[in-house]
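What follows is the residue order along each chain.
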Amino acid sequence: MSFSSLLGLPAGLQVLSFDLVNKVLIIQVASTACESACPVCQRHSSRIHSHYTRKAADVACGGRQVQLILHVRKFFCTNRDCPRKIFTERLTAFLEPWARVTTRLSQEIEAIGLATCGRLGTRLGSRLSIGTSRTSILRRVMKLATSEADEVSHLGVDDFSFRRGRTFGTVLVDLHRHQIRDLLPDRQKETAAAWMKTHPEITHVSRDRSSEYASAVSAGAPQAIQVADRFHVAKNLSEAVQQLLARVLLESKTASQGAEAATEARGGSLLPIEEWRPAQEESVKQTIATRRAERQDRYQQVLAWCEQGLTSQEIALRLGMKARTVRDWLHKGVAPDSRPRRKYRSDFDPYAPYVLKRWQAGEHSGRQLWREVRFQGYSGSERMVYRFLETLKTKEIVTSAGTPRLPHYTSRALVWLFMRHPGHLDEIEREDLAAFRLAHASLTTTYQFVQDFLQMMRDREGARLDAWLTQVHESGLPELQSFAQGVEQDKAAVQAGLTHPISNGQVEGQVTKIKLIKRMMYGRAEFPLLRQRVLHAL
Ligand SMILES: [Zn+2]
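Along each chain, the written sequence defines residue order, and numbers are assigned to residues from 1. Thresholds applied to this predicted model are a pLDDT of at least 70 for local features of residues and 80 or more for the giving and counting of side-chain atom pairs; totals over whole chains, interfaces and linings are not thresholded and use all residues. Note that the side-chain values use all heavy atoms of the structure and ignore hydrogens as well as water.

Draft legend 1. Focus on a nonpolar patch on the surface. Together, Met1, Phe3, Leu6 and Phe18 make up an exposed nonpolar region whose accessible area comes to about 530 Å². Counting from the N terminus, the helices are DSSP H or I runs at least four residues long and the strands are E runs at least two residues long. Inspection of the secondary structure puts Phe3 in helix 1 (residues 3–6). The exposure class assigned to Phe3 is partly exposed, which follows from its relative accessible area of 47%. A patch consists of residues exposed above 30% relative accessible area that lack any salt bridge, with like charges linked at up to 9 Å and nonpolar side chains (Val, Leu, Ile, Met, Phe, Trp, Tyr) linked at up to 5 Å. Surface exposure here means Shrake-Rupley accessible area, sampled with a 1.4 Å probe, where a residue is shielded only by the protein chains that are shown. Any Lys or Arg side-chain nitrogen located within 4 Å of an Asp or Glu carboxyl oxygen qualifies as a salt bridge. Only protein chains enter the accessibility calculation, which uses a 1.4 Å probe; a residue is then buried when its area is under 20% of its type maximum, exposed when over 50%, and partly exposed in between.

Following this line, the structure appears as structure tokens:
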């Protein structure tokens, strides 16, 4: 193996000698090519005019900086029609004509610049035996050309924050190539429109619900179909539903407060008859307690890893759980199953009020009461009747005052119950949901509207939107009506969102990438530099 191939020099360059001077490896290299092409007319010439040397820094070798002394030549151009009479020898891909740094060293410095930036880059460079300065690193990063040529047909537009969330920029994503196409320094409609004007090939633009981006697309890419991003539409819907639920919950709370106050005034040992359940065996109690403690431990672990920045997917892998369960727990923000277990429903329940009445009237014989309820149609065990009587001996059971007791939910948690796919709810959640729907007619209607809209969204049935809007307008539910009004103002785009498969889903991931790059830059993210680093991220 020759020295020149050991150093990775291109064919036509030969090592003459090397020497170590002040810790720098000085390598004398001669060009052995017998001809070179004229840069103007491209004709090859072998007529040598003169010899000269040029210096170029090269990539480090064995931890030492390398300085190449290149012995090269000047040639006569043999083309009589060419204006260039004499030209210098070209070493094209290896060394640009007037460069003092080889192309491969230049690429290393760019990589350092993109990965670290500025002062830190200089320190890293010196560790890697690459002599460079902060300004030269920045200059190189800023010089990198961005690929303007690629056409983009499906564009995703969203905003992102830089400089501690006080300033916002716009991120433009090529939804087909899953690539950030550009960053804009603000979220003004003029800026985004100007960018889109230079891309007349855009056919679809996926955007949020803001009027700013809507008018940017109208002005900059009037030919494109605007698609309101489904995530943003669903978010708007959930906000409307939360307002509605908050209102209904408040109304029902005010209504039931009177009844509850009456019950509470009679002391804490009162047990509403709906909450009665047979006492659990000791071993069952223990099993339940153990499981609950285990789940609680898991939940704490999930929280800890989430704070460390692990994704739901990674946490799920570590704990051997489903990623969806992890997300659910994090979304609910409470320890799973920390609510008291819902009452166990038994065949006896419908007969409990009767037995209670007889007990209060003085009939305390279990056998007798069992006979009586059996006569009324009870087909369960005698034991269950005795267990109910056991409870009556220790607690005073009361029949409730008419208003149905609802499970405790905040409007925020309840929205989640309303918005989720019914098939993804567990048994307790389904029961809770049913309780709310039964309690208020308006909640039944709301639930149907919400699920219908979400189904339209899942199955891309945008054609049904008009019918849905009409029904909502006639529903008398003010919060949903104002959501529908918002949709009307942006109907074409929302309908497109409910019809076309494209979405901004990936844009969020790209914004996360921008955040990571920004963080590595230690807050020195001047916009043009940030843009370069995002577009050239490794
Ligand atoms: Zn020429």
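Draft legend 2. Highlighting the pairing of strand 10 (residues 179–184). Counting buried positions along strand 10 yields five of six residues, so the element is predominantly enclosed. Of the strand pairs in this sheet, strand 9 (residues 167–174) and strand 10 are connected by five bridges, and their pairing is antiparallel. Of the residues in strand 10, the one forming a bridge with Thr170 is Leu184. Connecting strand 9 to the next strand, strand 10, in antiparallel fashion are four residues, including His178 with a positive phi near 55°. Strands were regarded as paired on the criterion that DSSP finds at least two bridges between them.

Draft legend 3. The sheet that holds strand 11 (residues 204–207), seen in detail. As summarised here, the arrangement of the five strands in space is 10-9-8-11-12, forming an open sheet in which the pairing is mixed. Lying at the two open borders of the sheet, with one neighbouring strand each, are strand 10 and strand 12 (225–228). Put simply, the sheet's adjacent strands are angled 30° from each other on average, direction ignored. Note that strand 8 (residues 154–162) and strand 11 share three bridges and pair parallel. Along strand 11, the bridge assignment pairs Gly156 with Ser206. Only heavy atoms matter for contacts: two residues are in contact if any of them lie within 4.5 Å across the pair. Where helices are involved, their axes are fitted lines through C-alpha atoms of the stretch in contact, as for all axes, and angles between N-to-C directions lie from 0 to 180°. Across the face of the sheet, helix 5 (residues 189–197) comes into contact with strand 8, strand 9 and strand 10 while running at roughly 130° to strand 10. Together, strand 8 and strand 10 form the strand contacts of helix 21 (residues 527–535), whose direction differs from that of strand 10 by roughly 175°.

Draft legend 4. Quick look at unusual backbone geometry. Unusually for a residue other than glycine, Asn22 sits at a positive phi of about 50°. With respect to the helices and strands, the residue Asn22 is situated in the loop between strand 1 (13–21) and strand 2 (24–31). The backbone of Ser129 shows a phi angle near 60°, a positive value even though the residue is not glycine. Relative to the elements of secondary structure, Ser129 occurs in the loop between helix 3 (118–127) and helix 4 (134–143).

Draft legend 5. Representation of the side chain of Glu382. Structurally, the position occupied by Glu382 is in helix 13 (residues 382–394). Classification of Glu382 as buried rests on a relative accessible area of 19%. Any pair of nitrogen or oxygen atoms within 3.5 Å is treated as a polar contact; in protein, a donor-acceptor pairing is required on top of that, and neighbouring residues in sequence qualify only through side-chain atoms on both sides. There is a polar contact of 3.2 Å between the side chain of Glu382 and the side chain of Arg367. When sequence neighbours within four positions are dropped, the list of residues in contact with Glu382 reads Arg367 and Trp370.

Draft legend 6. Molecular detail of the packing of aromatic side chains. Note on ring pairs: Phe, Tyr and Trp rings are taken, using the six-membered ring of Trp, and paired if centres are within 6.5 Å. Classes follow the plane angle, with under 30 degrees stacked, over 60 edge-to-face and the rest tilted. Overall, the coordinates contain eight aromatic pairs when judged by the stated rule. Geometrically, the ring pair formed by Phe418 and Tyr447 is edge-to-face, given 5.5 Å between the ring centres and 85° between the ring planes. Pair noted here: Phe418 is in helix 14 (residues 411–419) and Tyr447 is in helix 16 (residues 441–458), with a separation of 29 residues, a long-range link. As far as the burial class goes, Phe418 and Tyr447 line up, both buried. Geometrically, the ring pair formed by Trp468 and Phe483 is edge-to-face, given 6.0 Å between the ring centres and 90° between the ring planes. Here Trp468 is found in helix 17 (residues 465–473), whereas its partner Phe483 is found in helix 18 (residues 478–489), with 15 residues between them in sequence.

Draft legend 7. Examining the pairing of strand 12 more closely. Across four bridges, the pairing between strand 11 and strand 12 is parallel. Note that in strand 12 the partner of His204 across the bridge is Ile225. Chirality of the crossover, the property in question, places the unit of strand 11, helix 6 (residues 211–220) and strand 12 among those that are right-handed. Handedness of a crossover is defined as follows: with both strands directed away from the viewer, a clockwise route from the first strand across the helix to the second makes it right-handed.

Draft legend 8. Quick look at the pattern of salt bridges. This structure, assessed with the given rule, holds 17 salt bridges. Taking the shortest distance from any N to any O, the salt bridge between Glu89 and Arg73 comes out at 2.7 Å. One end of the pair, Glu89, is in the loop between strand 7 (86–88) and helix 2 (103–115); the other, Arg73, is in strand 6 (residues 64–76), and 16 residues separate them in sequence. Taking relative accessible area as the criterion, Glu89 reaches 5% and is therefore assigned buried. The exposure class of Arg73 is buried, given its relative accessible area of 8%. The partner of Glu382 in a salt bridge is Arg367, with the nearest N and O atoms 3.2 Å apart. Taken together, the positions of Glu382 in helix 13 and Arg367 in helix 12 (residues 366–376) put the pair 15 residues apart, joining distant regions of the chain. Taken together, the shared-partner salt bridges in this structure form one network comprising Arg207, Arg209 and Asp490.

Draft legend 9. Inspection of the nonpolar core at higher detail. In this structure, Leu237 and Phe453 are the most contacted members of the largest nonpolar core, which totals 40 residues. Among the secondary structure elements, those contributing two or more residues to this core are helix 7 (230–264), helix 14, helix 15 (427–439), helix 16, helix 17, helix 18 and helix 19 (491–497). The element best represented in this core is helix 7, accounting for nine residues. Grouped together as the second largest cluster of nonpolar side chains are 17 residues, Leu175, Leu183, Ile517 and Val534 included. To define a nonpolar core, start from buried Ala, Val, Leu, Ile, Met, Phe, Trp, Tyr and Cys residues and group those joined through side-chain atoms within 4.5 Å.

Draft legend 10. Expanded view of the coordination of the zinc ion. Coordination sphere of the zinc ion, protein contribution only: Cys38 (SG), Cys41 (SG), Cys77 (SG) and Cys82 (SG), at 2.2 to 2.4 Å. Sites may look incomplete, because water is not among the atoms used; the donor set itself consists of N, O and S atoms within 2.8 Å of the metal (3.2 Å for Na, K and Ca). Any site counts as irregular unless it has four donors with all angles between 85 and 135 degrees, making it tetrahedral, or four or six donors with opposite ones more than 155 degrees apart and the rest between 65 and 115, making it square planar or octahedral. Every donor counted, the four donor atoms about the zinc ion form angles of 99 to 117° at the centre, which fits tetrahedral coordination. Here the donor residues for the zinc ion map to a single chain with the spacing C-x2-C-x35-C-x4-C. With Cys38 in the loop between strand 3 (36–37) and strand 4 (44–45) and Cys77 in the loop between strand 6 and strand 7, this pair connects stretches of sequence that are 39 residues apart. The exposure class of Cys38 is buried, given its relative accessible area of 0%.

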